[in-house]
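Analysis of the macromolecular model
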Amino acid sequence: MVPAVDSPRARAIVAALAVTQTVGYGTLYYAFAVFLVPLAADLGASTTAVTGSFTVSVLASAVLAVPVGRWLDRHGGRALMTAGSVAGALLLAAWSQVQSLGQLYAVQAGIGVASATCLYEAAFAVIIAWHSPRRRSSALLALTVVAGFAGTIFLPLTGWLVDRHGWRTALLVLAAVHAVVAVPLHAAVLRRAPRAAAPPAAAGDGVRAVLADRGFWLLAVGFTAHTAAIAAVGVHLVAALIAWGHPPAYAASVAGLFGVLSVTGRLLTTGLQRRYRTTTVVAALFLLQALAVAALVVAGRDAIAAVVAVVAFGLGFGVGSIAKPLLLAERYDTRRYATIAGVLVVPMTVAKATAPLAAAGLHSLSGGYGSAFLATAAVCVLASVTLAALPRVRPRSSSPRS
């Protein structure tokens, strides 16, 4: 008998993905920051040149977003996510052996491809497929709350491994963790979701119809702008706080609040959307972030004011990851969710890769972080306005896709 949506199998899939996403993000994404300095020193390269390989990784995942989405819509996530996890483990091991920048860039491009197949976007597609609209919000919340601690777990763990054993051995340990945890869970627990019934024709089911929908482009602008703001602040906050006169340890500690605050923001969003429209809640949080980052420019030299502003900004730090799949599933045919999400992910990923560079350029031109953070505040306002302008849709009767 084929398990139904919202069944014990669906709950097991959420639990498994919560674990694999925590490990996947910890090893394939967050650990890079710890390896940056020792890797650059060992290769005899600048940190800027090494950071460029990370940008290549992010852009490689963007290139694969739509093809991966189409595969997920047609075949489900088990084979692809298992293969991506295997590739991720092998590439982490290969990373430990690089001897030149060229090899590093090649490995990071491969990690970007592996990430596209086994991290959040693929996991969201599987969860959307296995849950009815009534259960999606809680399922996505469970996944993102657990995975939100990936950095909290793996940044200090990776730092300890590098201090004790060096960066090459640390990468081999992370490769083993990834292989032992993510590969068997994806292979053993994931299954193809039950086949969906066709939704009402009036909803505009085809991908072309989605691309012709004004609401889709409002979502694209809103979430792309928000991704740019998050990336810019995430990369430059520590340097900005130091430039405003705070000690490095204080700056790093304040920036570290983002991990816990992203989880808090997701919990807050899920609770509020039971009483208010999701778009209203998300737009309000994006506007709060605009006010917070602007406040940093004005009062960032004061230690208490800086913490208050960072807390306010941090509440919206992880909101996009839970709101985007909910809004897409609410508006469009979930049998094509992964393809539609893949189209949306492309500009978001490009923004994630380029926004920190743009902020660095503004800093260089103006000689301070004020202009960069004010531009980021304007981008948050844009994100808020576009989400608030999203038209209502009638509830859809479709079940998750196969």
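Before any of the text, the structure's been laid out above.
So, a few notes on the structure that sits alongside this text. None of these values were measured; they are calculated from a predicted model.

Moving on, we get to the nonpolar core. Formed by 93 residues in total, the largest nonpolar core has its most connected members in L17, F35 and W95. With 16 residues, the top contributor of residues to this core is helix α1 (residues 8-43). Membership of the second largest hydrophobic core comes to 27 residues, among which are A229, L237, L296 and A309.

For the rest of this paragraph, the subject is the environment of W95. Counting through the fold element by element, W95 comes out in helix α4 (residues 78-95). For the pair W95 and R168, spaced 73 residues apart in the sequence, the C-alpha separation amounts to 7.9 Å. Look past the residues within four positions of W95 in its chain and what remains in contact with it is F32, F35, L39, L104, V107, Q108, I111, W167 and L171.

This structure, assessed with the given rule, holds five salt bridges. Here D333 makes a salt bridge to R335, at a shortest N to O gap of 2.8 Å. A relative accessible area of 1% places D333 in the buried class. Of the charged contacts, one joins R336 and D333 as a salt bridge, the two residues approaching to 2.7 Å between their closest N and O atoms. Accessibility expressed as a relative area gives 31% for R336, which makes it partly exposed. In the salt-bridge network here, residues are joined through shared partners; they are D333, R335 and R336.

Definitions and cut-offs
- Residues numbered from 1 in each chain as written.
- Predicted model: local features only at pLDDT ≥ 70, side-chain atom pairs only at ≥ 80, totals over all residues.
- Heavy atoms only, no water.
- Core = buried A, V, L, I, M, F, W, Y, C linked by side-chain atoms within 4.5 Å.
- Buried < 20%, exposed > 50% of the residue type's maximum accessible area, 1.4 Å probe, protein only.
- Helix = DSSP H or I, 4+ residues; strand = E, 2+ residues; numbered from the N terminus.
- Contact = heavy atoms within 4.5 Å.
- Salt bridge = Lys/Arg side-chain N within 4 Å of Asp/Glu carboxyl O.

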